[in-house]
Amino acid sequence: MYQNGPRSCHYSCSMVLLINPSRFFIAQETMEGTVIDRIEDARGSGGFGYDPIIYLPQFQKTVAELSADQKNAISHRGKATRAVLSIIKKL
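First, a word on what this report is: a plain description of the structure on this page. Since this is a predicted model, take the numbers as computed values, not measurements.

## Regarding the side chain of Lys71
Inspection of the secondary structure puts Lys71 in helix H1 (residues 68–74). We classify Lys71 as buried; its relative accessible area is 16%.

## Topic: the pattern of salt bridges
This structure, assessed with the given rule, holds 4 salt bridges. Among the salt bridges present, the one from Arg38 reaches Asp41, with a minimum N-O distance of 3.2 Å. Among the ionic pairs, Glu65 bridges to Arg43, the shortest N-O distance being 3.2 Å. One end of the pair, Glu65, is in the loop between strand E4 (61–62) and H1; the other, Arg43, is in the loop between strand E2 (23–35) and strand E3 (54–56), with 22 residues separating them in the sequence.

## Brief notes about helix H2 (residues 76–90)
With 15 residues, H2 should reach 21 Å at 1.5 Å per residue; the first-to-last C-alpha distance of 21 Å fits that figure. Within the sequence span of H2, burial applies to His76, Gly78, Ala80, Val84 and Ile87. Tucked inside the fold, the buried residues of H2 contact strand E1 (8–20), E2 and H1.

## Quick look at the sheet that holds E3
An order of E1-E2-E3-E4 is seen for the 4 strands of this open sheet, with the pairing classed as antiparallel. Taken across any chain shown, the strands that pair with only one partner, and hence form the sheet edges, are E1 and E4. Pairing of E1 with E2 involves 12 bridges; the strand directions are antiparallel. Looking across to E2, one finds that Cys13 is bridged to Glu29.

## Comments concerning the packing of aromatic side chains
Counted according to the given criterion, the structure contains 2 aromatic pairs. Between the aromatic rings of Tyr11 and Tyr50, the centroid separation amounts to 5.6 Å while the plane-to-plane angle is 45°, which identifies the pairing as tilted. Of this pair, Tyr11 sits in strand E1 while Tyr50 sits in the loop between E2 and E3, placing them 39 residues apart in sequence. Here Tyr11 falls in the buried class, since its relative accessible area comes to 9%. Taken together, a centroid distance of 5.7 Å and an interplanar angle of 10° make the contact between Phe48 and Tyr50 stacked. The exposure class assigned to Phe48 is partly exposed, which follows from its relative accessible area of 43%. For Tyr50, a relative accessible area of 38% gives the class partly exposed. Three or more aromatic residues joined by ring pairs make a cluster, and in this case those are Tyr11, Phe48 and Tyr50.

Calculation rules
The numbering scheme is per chain: residues are counted from 1 as the chain's sequence reads. Local features are withheld for residues below a pLDDT of 70 in this predicted model, meaning they are given only at 70 or higher, and side-chain atom pairs are given and counted only at 80 or more; totals for whole chains, interfaces and linings count all residues. Based on all heavy atoms of the structure, the side-chain values leave hydrogens and waters out of the count. Where helices and strands are cited, they refer to DSSP runs of H or I of at least four residues and of E of at least two residues respectively, numbered from the N terminus. Between buried and exposed lies partly exposed: a residue is buried under 20% and exposed over 50% of the maximum accessible area for its type, with that area taken using a 1.4 Å probe on protein chains only. Between Lys or Arg on one side and Asp or Glu on the other, a salt bridge is scored when a side-chain nitrogen of the former is within 4 Å of a carboxyl oxygen of the latter. Given a helix with a known number of residues, its expected span is that number minus one, times 1.5 Å. By definition, residues are in contact when any of their heavy atoms lie within 4.5 Å. Here, any two strands with at least 2 DSSP bridges between them count as paired. Paired rings are identified among Phe, Tyr and Trp, the last through its six-membered ring, by centres lying within 6.5 Å, and are further divided according to the angle between planes into stacked (under 30 degrees), edge-to-face (over 60) and tilted (the rest).

Quick look at the structure:
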């Protein structure tokens with residue numbers, strides 16, 4: 001049903017923490033997945049419109065089937081947010 005290789009994909013999130021025009025920090029994170037083979041195999045109702053067609057082999061679920069806590073723990077946005085928060089705490 002699902003493949004690696006040419007159907008692999010990733011979500012990407014970049015965040016910028018601007019302190020002033022000459023001091024800023026950039027966090028860029030990704031979440032890897034695989035596009036399902038057939039649209040008929042789409043599963044789940046959570047998240048964005050494309051989440052039901054992105055399969056995560058490590059969970060054996062689509063992104064749309066993850067709970068909010070699961071998704072926040074591994075998502076590109078969650079990882080980028082935690083990276084920026086870590087920078088803020090160190091300032």
